[in-house]
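Geometric and topological summary
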There are 2 protein chains.
Amino acid sequence: MDLDGVRTFLLVAELGRLQDAAPELGITQQAASKRLRSLERRLGATLFTRTPRGLRLTVDGQAFAPHARELVLAADRAVRSVGSVDRAIRVDVTNRRIAPAVAVEDFHRACPISNWTS
Amino acid sequence: MDLDGVRTFLLVAELGRLQDAAPELGITQQAASKRLRSLERRLGATLFTRTPRGLRLTVDGQAFAPHARELVLAADRAVRSVGSVDRAIRVDVTNRRIAPAVAVEDFHRACPISNWTS
DNA sequence: GGGGATTACGTCTAGCGTAATTATG
DNA sequence: CATAATTACGCTAGACGTAATCCCC
């Protein structure tokens, strides 16, 4: 499951036309069309009714929309959850011959933390 | 953003070893390793500490885990939201010469619904 | 004919699997 | 040495863009 397709769905549902939504997403109209087709194929349902004046949500699309919004919000929260932690220090330990290095390394093994190089 | 990587993350975080998680996901150990690397690259953070006995969560990984669970649950709800709606009828209107067809077609234009053929 | 979406097609990147490599205990 | 993860490499499927096509006002 790809979230880019879900974001495409939401923007197209809001704007009603691929031509408006596609530039916003940094892709072409054709790519947006294929994203929606791919999403519909994945879900096994038709999300939009295609008209020569744009796209309108089907009942499936209307049912999917709120869940899609919740989904992208959850994704944004998940992305924000990393990197926001205050990093204390960053120490590279390569020489085990000196006592402080051993002490730091022991602490490293006892309490693993990210951004260590080894 | 790809949810398969998030599901891989959760299973590896639970089981602690790629070898156990990979078959569960229907992929090889190497593919699981690359999925995690891809996810970490996407997030810009290291989620696991690699050891010769398996993988352990870093602080970033611990912070990401609950959001990841919420994310996959939201995805499952979103997928279930389509197709569960009760379908009432399905009518193909091709002949505009008869009055009932016109009436149905007008209703169609006023209130689009999925599963129409045109 | 004009605006809008789709299809066709070439290209390019991402993801997987098999096999070989590295690293730890 | 055994175990577990990584890297190398070839392959296939998916995604994008350009160009051409279809469809309804």
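Residues numbered from 1 in each chain as written. Chains lettered and ligands numbered in written order. Predicted model: local features only at pLDDT ≥ 70, side-chain atom pairs only at ≥ 80, totals over all residues. Heavy atoms only, no water.

This part covers helix H4 (residues 59-81) of chain B. Its 23 residues place the ends of H4 of chain B 34 Å apart at the C-alpha level, agreeing with the 33 Å of an ideal helix rising 1.5 Å per residue. When H4 of chain B is considered as a whole, its buried residues turn out to be Asp 60, Gly 61, Phe 64, Ala 65, Ala 68, Leu 71, Val 72, Ala 74, Ala 75, Ala 78 and Ser 81 of chain B. Residues of H4 of chain B that are buried sit in contact with helix H4 (59-81) of chain A together with helix H1 (3-15), helix H3 (29-43) and strand S2 (54-57) of chain B. Measuring from the backbone nitrogen of Asp 60 of chain B back to the side-chain oxygen at the start of H4 of chain B gives 3.4 Å, which picks out Thr 58 of chain B as the cap. Gly 83 of chain B occupies a position one or two residues after H4 of chain B and carries a positive phi of about 85°. (Helix = DSSP H or I, 4+ residues; strand = E, 2+ residues; numbered from the N terminus. Expected span 1.5 Å × (residues − 1). Buried < 20%, exposed > 50% of the residue type's maximum accessible area, 1.4 Å probe, protein only. Contact = heavy atoms within 4.5 Å. Polar contact = N/O pair within 3.5 Å; in protein donor to acceptor, adjacent residues only side chain to side chain.)

Here we take up the protein's contact with DNA strand D. Taken together, 22 residues sit near DNA strand D, with Gln 30, Lys 34 and Arg 35 of chain A together with Ser 33 and Arg 50 of chain B positioned nearest. Per the 4 Å cut-off to the protein, sugar and phosphate atoms form 65% of the nearby atoms of DNA strand D. One nitrogen or oxygen atom from the side chain of Arg 35 of chain A is found 2.6 Å from a phosphate oxygen belonging to DNA strand D. The set of elements that each furnish at least two residues to the surface near DNA strand D consists of helix H3 (29-43) of chain A together with helix H2 (18-25), H3, strand S1 (48-51) and S2 of chain B. (Near = heavy atom within 4 Å.)

Before going further, it helps to examine the confidence of the model for chain A. Residue and element names in this part refer to chain A. A residue-level look at chain A finds 70% of positions with pLDDT of 70 or above and a mean pLDDT of 81. Here helix H5 (residues 99-110) is the element of chain A with the lowest mean pLDDT, 49, and helix H1 (residues 3-15) is the one with the highest, 97. Of the regions scoring below 50 in pLDDT, residues 86-98 engages in 15 contacts with residues more than four places distant in sequence or in other chains. pLDDT under 50 marks residues 111-118. Its contacts with residues more than four places away, or in other chains, come to 19 contacts. (pLDDT = per-residue confidence, 0-100.)

Moving on, we come to H1 of chain B. Between the first and last C-alpha of H1 of chain B there are 18 Å, a value that for 13 residues agrees with the 18 Å anticipated at 1.5 Å per step. Where H1 of chain B is concerned, the buried positions are Leu 3, Gly 5, Val 6, Thr 8, Phe 9, Leu 10, Leu 11 and Val 12 of chain B. Check the buried side of H1 of chain B and you find it contacts H1 of chain A together with H2, H3, S1, S2 and H4 of chain B. One side-chain oxygen of the residue at the start of H1 of chain B lies 3.4 Å from the amide nitrogen of Asp 4 of chain B, identifying that residue as Asp 2 of chain B.

Residue and element names in this part refer to chain A. The tally for this structure, following the rule as stated, stands at 10 salt bridges over all chains. For Arg 7, the salt bridge is made with Asp 76, and the minimal N-O distance between the two is 3.2 Å. In this pair, Arg 7 is assigned in helix H1 and Asp 76 in helix H4, connecting sequence segments 69 residues apart. We classify Arg 7 as partly exposed; its relative accessible area is 31%. Salt bridges here are not isolated pairs; linked through shared partners, they connect Arg 37, Glu 40 and Arg 50. (Salt bridge = Lys/Arg side-chain N within 4 Å of Asp/Glu carboxyl O.)

Our next topic: the relation of the copies chain B and chain A. For the pair chain B and chain A, the best superposition has an RMSD of 0.1 Å and corresponds to a rotation of 180° with a translation of 0.0 Å parallel to the axis. Taken together, the rotation and translation describe the operation of a two-fold axis. For chain B, the minimum C-alpha distance to the rotation axis belongs to Asp 2 of chain B and amounts to 2.4 Å. Looking at chain B, 97% of its interface residues are interface residues in chain A too, so the copies touch through the same face. (Least-squares fit on C-alpha atoms with pLDDT ≥ 70 in both.)

The next subject is the UniProt feature "domain: HTH lysR-type" (unreviewed entry) in chain A. Sites flagged by UniProt as "domain: HTH lysR-type" (unreviewed entry) map to residues 1-58 of chain A. Segment residues 1-58 of chain A splits into 62% helix and 14% strand. End C-alpha atoms: 21 Å apart. (UniProt positions renumbered as here; feature names shortened; annotations may be inferred.)

With that settled, consider the interface of chain B and chain A. Contacts between chain B and chain A engage 32 residues on the former and 32 residues on the latter. Together chain B and chain A conceal approximately 2800 Å² of surface at their shared face, both sides included; 66% is due to carbon and sulfur atoms. Linking Glu 70 of chain A and Arg 77 of chain B is a salt bridge whose minimum nitrogen-to-oxygen distance equals 2.6 Å. Summed over the shared surface of chain B and chain A, the result is 4 residue pairs in polar contact (both at pLDDT 80 or more). If you list the elements that add at least two residues to the side of chain B that touches chain A, you get H1, H3 and H4 of chain B. Looking at the side of chain B that touches chain A, the element that brings in the most residues is H4 of chain B, giving 13 residues. (Buried area = accessible area lost by both parts, 1.4 Å probe.)

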